[in-house]
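Architecture at a glance
Single-letter residue listing:
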Amino acid sequence: MKTDDLEWYDLFRMRGTRRDFLRLTGGVTGLVALGSLDACGTARSLALSTNPFTLGVASGDPSPDGVVLWSRLARSSLEAAGAADQAVGVDWEIAEDDGFTRIARSGSALATPQLGHSVHIELDGLEPGRDYYYRLMAGGQVSPVARTKTAPALGATVDRFRLAFASCQHYEHGLFTALRHLADENLDLIVHLGDYIYEISYGQNVRQHGAPEPLTLDDYRARYTLYRSDPNLIAAHESAPWVVTWDDHEVDNNYANDIAQDEQTAAELLLRRAAAYQAFYEFMPLRRASMPVGPDAQMYRRLRFGNLIEMDVLDTRQYRSDQPCGDGMKPSCVEHIAPEQSILGARQRDWLFEGLAATDARWNVLAQQVLMARLRGNNEDGDETWAMDMWDGYPAERQAMLGLLDEVGTPNPIVLTGDIHSNWVADLHTDFDDLSSPIVATEFAGTSISSNGDGQDMTPGGERRLSDNPHIKLYNGQRGYVTAEVTPDLWTSEFKIVPVVSEPGGALETRATFVVENGRPGAQEA
Ligand SMILES: [Fe+2]
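To start, this report covers the structure provided alongside it. (Residues numbered from 1 in each chain as written. Predicted model: local features only at pLDDT ≥ 70, side-chain atom pairs only at ≥ 80, totals over all residues. Heavy atoms only, no water.)

Along the chain, Arg228 falls in helix α5 (residues 217–228). Glu238 provides the closest opposite charge to the buried, unpaired Arg228, separated from it by 6.5 Å. Not counting the four nearest positions on each side in its chain, Arg228 is found in contact with Leu55, Val57, Ala58, Trp70, Tyr196, Leu233, Ile234, His237 and Phe283. (Helix = DSSP H or I, 4+ residues; strand = E, 2+ residues; numbered from the N terminus. Buried < 20%, exposed > 50% of the residue type's maximum accessible area, 1.4 Å probe, protein only. Lys, Arg positive; Asp, Glu negative; His and termini not counted. Salt bridge = Lys/Arg side-chain N within 4 Å of Asp/Glu carboxyl O. Contact = heavy atoms within 4.5 Å.)

Below you can see the structure in the form of structure tokens.
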């Protein structure tokens, strides 16, 4: 098994082409040539006795003229009709009103078993910056009606844009009450920064995964099906278009490129990564450009919202160097400060730096995973320690980026962060040891939807971090999400918390509000 894996791994790593991968894997991973998605349905006369849209519908990656519509037909519904191994035709409609009296576009797609009967319909021909309503139909059954919104026209002046960002939804740790509140925000965009699922069980449990850690495509599909069945998650998807990226738990805790946290070899981790990435694609409203090819997938990408916002969506897992000094909270070591230590990988870094130097948008957002601000800690011996899984583990590349922002004068950089299961606001200085050095960007790190359970407003660790890191202006250890109202003059982040996720019905509170003024990097409490 291992020998075969390694041979397979070497082939696609050394001279990996799409054709090699398909030839080597055959149908095992279920990848299909893109062209077959456009073929005529083979089961169009199918009648389904139960509704196949139990996972809801979703939309994502809006452009000025379109958006991706997504759904995934429930296997149980297809099995009952004897169609679990067939391609199934799915019709779709998108309208200007939720009564579907003014239909803008309609068409058909094919849900194939190779992609778990998911559909990713990339629309064009829509009007920029407006609300739409959509629904899907299959086997005589109709999906719920959901709302979406196209991006403003390229170059258009945008007076106001409202987005929210969220991350880290451990199913066992808490209820998804925060997502219910998120669904009620009537947003232009929801950004999910990763840890959409968790592969591991740890800590407190208010409900159960009911399965061991996933390793195969079937395992990951089952894990996503469990999460995606939560009515609050469905409601959040059906309320607005989403932009998603991933962090580590979509594959394996703290994996780095092809390096597993556990005892898996690189070949084993890449096989697992291929399964995990495919399941992620199957369950998310992503464009075909993000469809994985084996263990590789293009998740980093750039979105534009008129002249107001350019958003660089990053992937700090797939290409990173291994966490230095053995990972965890550690004192520095030689590899930690090595100039080649990279969290982005060379290609993504070049793409990002070119974009940051060229952009003319008013606000320039990095939608990414791990805390970028320096976060000094101390161990029992009194040594300074750094979280090697965060940007603190990759200080040379962070310095290169902050230096670039200073040098090229990128307008109003805003860093949005997940991963850390707590709320933080930080000013990003060119020199964190010198508070008089320029602030070149503002970081808003959002807490988890449910990971770590109810939490507390302040902890001894939070107090210590605030006093040891004067560039940090907020700590909060409760659950929730962050909204941002963006105008040409002001960015306003509201930290929304749900103090109780261990029981149903948790209420929403606004814990803190911070603003950034145009042309004045750094956060101010409102
Ligand atoms: Fe997380």
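What follows covers the pattern of salt bridges. Within the structure shown, the criterion is met by 38 salt bridges. In this structure, Glu79 engages Arg75 in a salt bridge whose closest nitrogen and oxygen atoms are separated by 3.1 Å. Placement of the pair is Glu79 and Arg75 together in helix α3 (residues 75–80), with a separation of four residues, close to one helical turn. Under the relative-accessibility criterion, Glu79 is labelled partly exposed at 46%. Arg75 gets classed as partly exposed once you look at its relative accessible area, which sits at 48%. Each of the salt bridges in this network shares a partner with another, and the network as a whole consists of Arg302, Arg304, Glu310, Asp312 and Asp360.

Moving on to the coordination of the iron ion. Looking at the metal site, the iron ion is ligated by Cys168 (SG), Asp195 (OD), Tyr198 (OH) and His421 (NE2), spaced 2.0 to 2.6 Å from it. Taken together, the four donor atoms coordinating the iron ion span angles of 85 to 169° at the metal, a pattern that classifies the geometry as irregular. Along the chain, the residues donating to the iron ion are arranged with the sequence spacing C-x26-D-x2-Y-x222-H. Taken as a pair, Tyr198 in the loop between β10 (189–192) and α5 and His421 in the loop between β18 (413–417) and β19 (423–429) lie far apart in primary sequence, 223 residues in all. For the pair formed by Tyr198 and His421, the shared burial category is buried. (Donors = N, O, S within 2.8 Å, 3.2 Å for Na, K, Ca; no water. Tetrahedral: all angles 85-135°; square planar, octahedral: opposite > 155°, others 65-115°.)

Moving on: the nonpolar core. If you look at the biggest cluster of nonpolar residues, it comprises 49 residues, and the most contacted ones within it are Leu179, Leu182, Tyr224, Trp242 and Phe280. Top contributing element to this core by residue count: helix α7 (residues 266–283), with eight residues. (Core = buried A, V, L, I, M, F, W, Y, C linked by side-chain atoms within 4.5 Å.)

This part covers the state of the cysteines. Taken as a whole and assessed by the stated rule, the structure comprises one disulfide. Here Cys325 engages in a disulfide with Cys333; their sulfurs sit 2.1 Å apart. Classification of the bridge connecting Cys325 and Cys333 rests on its S-S torsion, roughly -90°, and on that basis the disulfide is left-handed. For Cys325, a relative accessible area of 15% translates into the label buried. (Disulfide = S-S within 2.5 Å.)

Let us look at the pairing of strand β3 (residues 88–95). As a general feature of sheets, a regular strand has side chains that alternate between the two faces. Of all the eight residues making up β3, seven are buried; the element is thus mostly covered by neighbouring parts of the structure. As paired strands, β3 and strand β4 (residues 103–111) are joined by eight bridges and run antiparallel to one another. Its bridge partner being in β4, Val90 is matched across the sheet by Ala109. Bridging between β3 and strand β6 (residues 131–138) involves five bridges; their strand directions are antiparallel. Bridging across to β6, Glu93 finds its partner in Arg135. (Pairing = 2+ DSSP bridges.)

The computed volume of the largest pocket comes to approximately 650 Å³. Along the wall of the largest pocket there are 32 residues; nearest its centre are Met390, Asp419, Ile420, His421 and Asn452. Sorting the residues of the lining of the largest pocket by element identifies β21 (455–456), α10 (460–468) and β22 (472–486) as the ones contributing at least two each. Broken down by element, the residue count for the lining of the largest pocket peaks at four residues, all from α10. Along the lines of polarity and charge, the residues of the lining of the largest pocket split into 11 nonpolar, 13 polar and eight charged. (1 Å grid on protein atoms, 1.4 Å probe; cavity = no way out; pocket = protein on both sides within 12 Å on 5 of 7 lines; lining within 4 Å. Points joined across faces, edges and corners; volume = space filled by probe spheres on them. Nonpolar A, V, L, I, M, F, W, Y, C, P; charged D, E, K, R; others polar.)

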